Amino acid sequence: MSLPADPFENDPRNPRTGGGTATIEREEQLQEVEPGDRERFAHYVRKEKIMESALTGEPVIALCGKVWTPGRDPQKFPVCPECKEIYEGIRPGGDDKK
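Because the structure is a prediction, the values reported are computed rather than measured.

**Student:** How do you make sense of the environment of aspartate 73 when you look at a structure like this?
**Tutor:** With respect to the helices, strands and loops of the structure, aspartate 73 is situated in the loop between β2 (67–68) and α3 (81–90). Separated by 31 residues in sequence, aspartate 73 and alanine 42 place their C-alpha atoms 8.5 Å apart. Only 3.0 Å separates the side chain of aspartate 73 from the backbone nitrogen of glutamine 75, close enough to count as a polar contact.

**Student:** So what exactly am I meant to see when it comes to the side chain of serine 53 here?
**Tutor:** Mapped onto the fold, serine 53 is located in helix α2 (residues 47–56). Taking the relative accessible area as the measure of exposure, serine 53 reaches 5% and is therefore buried. Separated by 2.6 Å, the side chain of serine 53 and the backbone oxygen of glutamate 58 make a polar contact. Once you skip the residues sitting within four places of it in the chain, serine 53 turns out to touch Glu58, Val60, Thr69 and Pro70.

Rules of the game
Residues numbered from 1 in each chain as written. Predicted model: local features only at pLDDT ≥ 70, side-chain atom pairs only at ≥ 80, totals over all residues. Heavy atoms only, no water. Helix = DSSP H or I, 4+ residues; strand = E, 2+ residues; numbered from the N terminus. Polar contact = N/O pair within 3.5 Å; in protein donor to acceptor, adjacent residues only side chain to side chain. Buried < 20%, exposed > 50% of the residue type's maximum accessible area, 1.4 Å probe, protein only. Contact = heavy atoms within 4.5 Å.

Don't take any of this as a statement about function, it's just geometry.
Next up, the structure:
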């Protein structure tokens, strides 16, 4: 009958095993955004999503599909033409004038 393997046998902090190093690998996750887009336009996003992003730091998705983390004054930038077109199309009384 043999004893079970020591779970700490390869522990780099164990002085009996002569020490050593351990590497923890971590994948880096990047959000893909178009360069400079955040600097050019203010996008349309639901207010509750902006508040949630402010608390959690999670990125938001604009009506046009742009993904970014808000952090600047949208009043200083022109409205994204794609977001504006989508917003006007879904608003009651939008472009359906006859």
